[in-house]
Amino acid sequence: MEEQNKVVVNDKEYDYDELEPNEKYFVNQVRNLKARIAQAQFDLDQLTAAQNVFTNSLIESVQKSEEGTE
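All of the points below concern the structure found in this document. Since the structure is predicted, the reported quantities are computational estimates derived from the model, not experimental observations. Each chain carries its own residue numbering, running from 1 in the written order of its sequence. Residue-level local features of this predicted model are given only where pLDDT is at least 70; pairs of side-chain atoms are given and counted only at 80 or more, and the full residue set underlies all totals for whole chains, interfaces and linings. Processing note: side-chain calculations cover all non-hydrogen atoms of the structure and skip hydrogens and water entirely.

The helix count covers DSSP runs of H or I at least four residues long, the strand count covers runs of E at least two residues long, and both are numbered beginning at the N terminus. On a plain count of helices and strands, the protein chain comes out with one helix and two strands. The order of α-helices and β-strands along the protein chain, N terminus first, is β-β-α. Expected size for 70 residues packed as a compact globule is a radius of gyration near 11 Å; at 24 Å, the protein chain overshoots this value by more than 25%. Taking all 70 residues of the protein chain together, the buried fraction comes to 7%. Working note: accessible area of the protein chain is about 6300 Å², and carbon and sulfur atoms make up 53% of it. Of note, the protein chain has its 7 positive side-chain charges centred 8 Å away from the centre of its 15 negative side-chain charges. Put simply, the radius of gyration uses C-alpha atoms, and a globule should come to 2.2 Å times the residue count raised to 0.38. Residue burial is assigned from relative accessible area. The probe radius is 1.4 Å, only protein chains are included, and a residue is buried under 20% of its type maximum, exposed over 50%, and partly exposed in between. All accessible-area figures derive from a Shrake-Rupley calculation using a 1.4 Å probe, and residue coverage is judged against the displayed protein chains alone. The charge count treats Lys and Arg as positive and Asp and Glu as negative. His and the chain ends do not count. By convention, the point assigned to a charge is CZ for Arg, NZ for Lys, CD for Glu and CG for Asp.

With that out of the way, let us pick up the pattern of salt bridges. In what follows, salt bridge is the name for a side-chain nitrogen of Lys or Arg lying within 4 Å of a carboxyl oxygen of Asp or Glu. Tallying each qualifying case throughout the model produces one salt bridge. The salt bridge involving Glu60 is made with Lys64; its shortest N-O contact spans 3.4 Å. You can see Glu60 and its partner Lys64 sitting in helix H1 (residues 21-69), four residues apart, about one turn around the helix.

Quick look at the environment of Leu19 now. Its location among the elements puts Leu19 in the loop between strand E2 (12-15) and H1. What makes Leu19 buried here is its relative accessible area of 15%. Separated by 10 residues in sequence, Leu19 and Gln29 have C-alpha atoms that sit 14 Å apart. Discounting chain neighbours no more than four positions away, the residues touching Leu19 are Val7, Tyr14, Lys24 and Val27. Note on contacts: a residue pair qualifies if any of its non-hydrogen atoms lie within 4.5 Å across the two residues.

Distances and angles like these do not, on their own, reveal function.
Right under this line is the structure:
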């Protein structure tokens, strides 16, 4: 659990405003990386869905072409 002004490390809660400058930097890095990972997963989900649509379209097209030549 992590609120904007609270940071939890190893099940211990810390007040963000009382952290050392380098610790605040690490917290900000971790928060930013979590957001970027979530965005990357979102983008990957979209790309995977699009790939599936195009793959299925290709399969359908090839099957129709084969039926036409038989």
